[in-house]
Amino acid sequence: MSEALGRDMSDTLDAVVVGSGPNGLSAAVTLAQAGLRVTVLERADEIGGGTRTAELTVPGLKHDICSAVHPFGVASPFLSSLPLEEFGLRWRYADIDLAHPLDDGTAGLLSRSIDETADGLGPDAKRWRRMFGPLLRNFDNLAADALGPLLRVPSHPLEMAKLGALSVLPATITARAFKTEAARALFVGCAAHSFRPLGSLMSSALGTMHVVSAHSGGWPAAEGGSAAITRALAGLLESLGGTIVTGCEVKSAGDLPSARVTLFDIGPRAIAEIIGDRMPARRVRGYRRYRYGPAAYKVDLAVREGIPWTAPDVGRAGTVHIGGSMADLAAAESQVNRGIMPERPFLLVGQQYVADPGRSVGDVHPIWVYAHVPSGYTGDATPAILAQIERFAPGFTDRIVAQQVMTPADFEAYNPNYVGGDIISGQNSLRQLVSRPVFAPDAYATGVPGMFVCSAATPPGAGTHGMCGHHAANSALRYLDLTAS
Ligand SMILES: Cc1cc2nc3c(=O)[nH]c(=O)nc-3n(C[C@H](O)[C@H](O)[C@H](O)COP(=O)(O)OP(=O)(O)OC[C@H]3O[C@@H](n4cnc5c(N)ncnc54)[C@H](O)[C@@H]3O)c2cc1C
C-alpha cells in the first residue's frame with residue numbers, strides 16, 4: 001500500500017472506492033454529494049480505467065485508449081445531472097453519428113435527426129420512423145429505467161414495454177422489417193456492440209438503444225479525448241472533498257483501509273479473490289461463475305489525410321461500422337462467439353477528430369479501430385483489420401504513418417477488469433443481461449455488510465455512463481440509512 005495512503009488513512013473513512021473508472025468515480029461523486037468523506041484507490045499510475053487518452057502513435061496525436069464515443073454519456077441521467085462543463089468537459093458532435101459502408105459503394109447513415117436518417121434510407125423511411133419514433137418521444141424516461149437494474153418495477157412501464165417489445169427478438173429478425181441492406185446493416189451493426197450473436201434472443205436490445213440514443217442526444221466525443229470525462233469527474237469529486245490515490249492495487253482484504261462502506265469498481269471474480277472469505281459461500285460461487293465474452297483487438301492508427309472512403313459522407317461520420325451486409329456481420333459475430341477468428345471481422349472505427357479537430361496534427365489524424373475477436377485470441381488480427389478497412393477505402397493502407405496494436409492479452413494487462421480481452425466487463429448472455437453479476441434482490445450488494453460492487457459487471461453494464469457506480473452508491477447510502485435517489 002502506498003505511503004500517501006498510509007498517512008491519509010489513520011482513522012476510519014466514510015467510504016472507499018477501489019478503482020477509478022467512470023463507475024468508480026461516479027460512485028465516489030454520489031457518496032461525496034451525500035456528505036461522505038470518500039477516498040478512491042487506483043492501481044494504475046493514472047486514473048480513468050476505460051476512459052483515458054494518450055499519444056499512442058505520433059507526438060501530439062490524441063488517441064482514446066478505450067471509450068471513444070458516448071451515446072450513453074449524454075443520455076445518462078446521472079452524468080447529465082452533474083456540472084461537468086465547469087470541470088472542462090465539452091461534448092463534440094460530428095455531422096453524422098454513424099456510417100455503415102456497403103460493398104456497392106453506398107452507406108447507411110445515422111444522424112441525430114430521425115427524419116434525415118429515415119429519408120436517407122429511401123423505401124425504409126416510414127418503417128424507420130415507425131419503429132424508433134415512439135421510443136424517442138420519451139427517451140429521458142426510457143433512459144432512466146433502461147440504464148438501471150431490469151429486475152425491478154419500472155418508473156415508466158409504458159416506455160419500457162415499448163422497448164421490451166423491440167428488444168426481445170434476435171437483431172437479424174428485427175432488421176428483416178427493413179427492405180434495404182443499408183437499414184438492416186445500420187441496425188445490426190448497432191446491435192453488435194453487445195458482442196452477442198445477432199441471431200440470439202434479446203440481441204435487438206442494445207441495437208435499439210443505440211439507434212434511439214443517436215436520434216435523442218447523438219453520439220458525441222469528448223473534446224480533447226475521453227480523459228476529459230475522467231478529469232471532470234475527478235475535479236468534481238475533489239471539489240466535494242474526495243481524494244484519489246494512484247499506484248495502489250488492492251490485492252487482499254488486508255489492503256483495504258477501514259471504512260463504513262467499500263465499493264469495488266472491479267469484476268466479480270476479482271472481488272471473490274479479495275473478500276471471498278467474508279462473503280456467503282453461494283455468492284462466492286456466483287461471482288466465480290461470472291462469464292466473460294469475446295474480446296477486442298485494437299489498432300490505433302495515424303493516417304495522413306484520413307481514410308479515403310469510397311462511399312460519400314462516411315468521412316463525415318464520428319463512428320463507422322465495418323463488416324458489410326447484415327449476413328456478413330451475423331456470420332462474423334457468430335464465429336467470434338464460437339471461438340473462431342473470422343476472416344472478415346466486425347470493426348468499430350472511430351474518427352473522433354471529425355468532431356474534435358484538435359486531436360490531429362496537421363493533416364495526420366488519429367484513427368481508433370477495434371475488431372471483435374474470440375476471447376483470449378492470441379493470433380495477429382492486424383492484417384484482417386486493415387484488409388476490412390481497405391475493402392471500403394482502397395488506398396487506405398498507403399496513408400498509414402504509424403500504428404499501435406492492443407491484443408486481448410494487452411487489454412487484460414492494462415486493466416484486469418478486461419478478462420480475456422472482454423472490454424465490456426462480462427458476457428451479455430440472456431442471464432447476465434437481465435441480472436448481473438448474479439441473480440439477487442440488490443445487484444450491487446456483495447453479501448458482506450457495507451461492501452458493494454459498482455463496476456460495469458452490474459446493471460446496466462458496459463459504457464461510459466456512470467450509472468452502475470451511481471446505483472451502487474445509492475445502495476450503500478441506503479445501507480447507511482442515508483437518503484438515496
Ligand atoms: C477498447 C474499448 C473501447 C470502448 N469503447 C467505448 C465507447 O466508445 N463508449 C463507451 O461508452 N464505452 C466504451 N468502452 C467501455 C467502457 O470503457 C467501460 O464500460 C467502462 O470504462 C467501465 O467502467 P468501470 O468504471 O466499470 O471500469 P473500468 O473503466 O474498467 O475501471 C476500473 C478501474 O479499476 C482499476 N482497478 C482494477 N483492479 C484494481 C485493484 N485490484 N485495485 C485498485 N484498482 C483496480 C483499474 O485500473 C481501472 O482504472 C470501451 C472499452 C474499451 C476497452
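Structure: see above.
Keep in mind it's a predicted model, so treat the numbers as computed, not measured.

## Examining the overall build of the chain
- Scanning the chain from N- to C-terminus turns up 18 helices and 16 strands.
- Computed over the C-alpha atoms, the radius of gyration of the chain is 21 Å, within 12% of the 23 Å expected from 2.2 N^0.38 for a compact globule of 485 residues.
- The 485 residues of the chain split such that 61% are buried.
- In the chain, the proportion of contacts linking residues at least 24 apart, taken out of those at least 6 apart, comes to 73%.
- With the model as given, the accessible surface of the chain reaches about 17,900 Å², and the carbon-plus-sulfur share is 52%.
- Here the chain holds 41 positive side-chain charges and 46 negative ones, and the gap between their average locations is 8 Å.

## Topic: the sheet that holds strand S11 (residues 295–304)
- Strand order in the open sheet formed by 7 strands is S7-S6-S12-S13-S14-S11-S15, with mixed pairing between adjacent strands. In this open sheet, the two strands that pair with only one neighbour each are strand S7 (107–110) and strand S15 (400–406). Neighbour-to-neighbour, the strand axes of the sheet open up by a mean angle of 20°, direction not taken into account.
- The pairing of strand S6 (residues 96–101) with strand S12 (residues 317–322) spans 3 bridges and is parallel. For Ile96, the partnering residue across the bridge sits in S12 and is Ala317.
- Helix-sheet contacts for helix H15 (residues 382–392) involve S6, S11, S12, strand S13 (347–350), strand S14 (364–373) and S15, and the interaxial angle to S11 is about 55°.

## Some remarks on the site of the ligand
- With respect to spatial proximity, 35 residues lie near the ligand, and among them Glu42, Gly50, Val69, Asn415 and Thr464 are the closest.
- Contacts to the ligand include Asn415, whose side-chain N or O atom sits 2.7 Å from an oxygen atom.
- Thr464 places a main-chain nitrogen or oxygen 2.8 Å from an oxygen atom of the ligand.
- Elements with a minimum of two residues in the shell around the ligand: helix H2 (22–33) and S14.
- Broken down by element, the shell around the ligand gets its largest block of residues, 3 residues, from H2.
- Among the residues forming the shell around the ligand, the class breakdown is 17 nonpolar, 13 polar and 5 charged.
- Looking at which domains feed residues into the shell around the ligand, each of domain 1 (3–57 + 64–68 + 226–290 + 424–479) and domain 2 (91–124 + 168–220 + 294–414) supplies at least three.

## Let's talk about unusual backbone geometry
- Of note, the amide linkage connecting Arg436 to Pro437 takes the cis form, showing an omega dihedral of 0°.
- By the element assignment, Pro437 lies in the loop between helix H17 (430–434) and strand S16 (451–453).
- The omega torsion across Pro459 and Pro460 is 5°, close enough to zero to call that bond cis.
- With respect to the helices, strands and loops of the structure, Pro460 is situated in the loop between S16 and helix H18 (467–479).

## Section: the packing of aromatic side chains
- Here the structure, examined in full by the defined rule, presents 7 aromatic pairs.
- Taking 5.2 Å as the distance between ring centres and 80° as the angle between the ring planes, the aromatic pair formed by Tyr290 and Tyr292 counts as edge-to-face. In this structure, Tyr290 and Tyr292 share a single accessibility class: buried.
- Here a set of aromatic residues connected by ring pairs shows up, and it is made of Trp128, Phe132, Phe178 and Phe187.
- We note Arg112 situated over the ring of Tyr93; from NZ or CZ to the ring centre the distance is 4.7 Å.

## Regarding the packing of helix H6 (residues 139–146) against helix H7 (residues 157–167)
- Two elements in contact, H6 and H7, have axes separated by 9 Å at closest approach and are oriented at 75°. One way to sum up the angle between H6 and H7 is to call them roughly perpendicular. Of H7, the residues touching H6 (which contributes Asn141, Leu142, Asp145 and Ala146) are Glu159, Met160 and Leu163.
- Taken together, the residues that form the contact of H6 with H7 break down as 4 nonpolar, 1 polar and 2 charged.

## What to know about the pattern of salt bridges
- Under the definition given, this model contains 14 salt bridges.
- Glu273 is the partner of Arg288 in a salt bridge, and the nearest nitrogen-oxygen pair spans 3.9 Å. Of this pair, Arg288 sits in helix H13 (residues 281–288) while Glu273 sits in helix H12 (residues 268–275), and the two are 15 residues apart along the sequence.
- Note on Glu273: relative accessible area 57%, which makes it exposed.

## A look at the side chain of Gln351
- Topologically, Gln351 is positioned in the loop between S13 and S14.
- Every residue in contact with Gln351, bar those within four places of it in the chain, is listed here: Ile307, Trp309, Val314, Gly315, Ala317, Gly318, Val320 and Ile367.

## Quick notes on the pairing of S6
- With 6 of its 6 residues buried, S6 lies for the most part within the structure.
- Note that S6 and S7 share 4 bridges and pair antiparallel. Within the sheet, the bridge partner assigned to Leu98 lies in S7 and is Leu110.
- Counted along the chain from S6 to the antiparallel partner S7, the turn is 5 residues long, and its residue Gly105 has a positive phi close to 90°.

Definitions and cut-offs
As a convention, each chain's residues are numbered from 1 in the sequence order in which they are written. Under the rules for a predicted model, residues below a pLDDT of 70 receive no local features and side-chain atom pairs below 80 are neither given nor counted, while totals for whole chains, interfaces and linings still include all residues. Excluded from the side-chain calculations are hydrogens and water; all other atoms, namely the structure's heavy atoms, are used. Runs of E in the DSSP output that reach at least two residues are strands. Runs of H or I that reach at least four are helices, and both are numbered from the N terminus. Radius of gyration: over C-alpha atoms. The globule rule applied is 2.2 Å multiplied by the number of residues raised to the 0.38 power. Relative accessibility decides the category of a residue: with a 1.4 Å probe and only protein chains considered, values under 20% of the type maximum give buried, values over 50% give exposed, and everything between is partly exposed. Any two residues whose heavy atoms approach within 4.5 Å are treated as being in contact. Each accessible area value is a Shrake-Rupley result obtained with a 1.4 Å probe; residue values ignore everything except the protein chains displayed when judging cover. Note that His is not counted, nor are the chain ends; the positive residues are Lys and Arg, and the negative ones are Asp and Glu. Charged groups are reduced to one reference atom each: NZ for lysine, CZ for arginine, CG for aspartic acid, CD for glutamic acid. For two strands to count as paired, DSSP must find a minimum of two bridges between them. Axis definition: a line fitted to C-alpha atoms, over the contacting stretch in the case of helices. Angles run 0 to 180 degrees between N-to-C directions. Residues are classed as near a molecule or strand on a simple rule: at least one heavy atom within 4 Å of it. Any pair of N or O atoms that falls within 3.5 Å is considered a polar contact. Within protein, one atom must be able to donate a hydrogen and the other to accept it, and sequence-neighbouring residues count only if both atoms are side-chain atoms. In this classification, Asp, Glu, Lys and Arg are treated as charged, Ala, Val, Leu, Ile, Met, Phe, Trp, Tyr, Cys and Pro as nonpolar, and every other residue, Gly included, as polar. Segmentation into domains, and thus their bounds, comes from an automatic or database assignment. The pairing test for Phe, Tyr and Trp rings, Trp by its six-membered ring, is centres within 6.5 Å, and the orientation test on the planes gives stacked under 30 degrees, edge-to-face over 60, and tilted for anything in between. By the criterion adopted, a ring carries a charge over it if an Arg CZ or a Lys NZ lies within 6 Å of its centre and within 35 degrees of its normal. Here the word oblique covers every angle except those under 35 degrees (roughly parallel), over 145 (roughly antiparallel) and from 65 to 115 (roughly perpendicular). One speaks of a salt bridge when a side-chain nitrogen belonging to Lys or Arg is within 4 Å of a carboxyl oxygen belonging to Asp or Glu.

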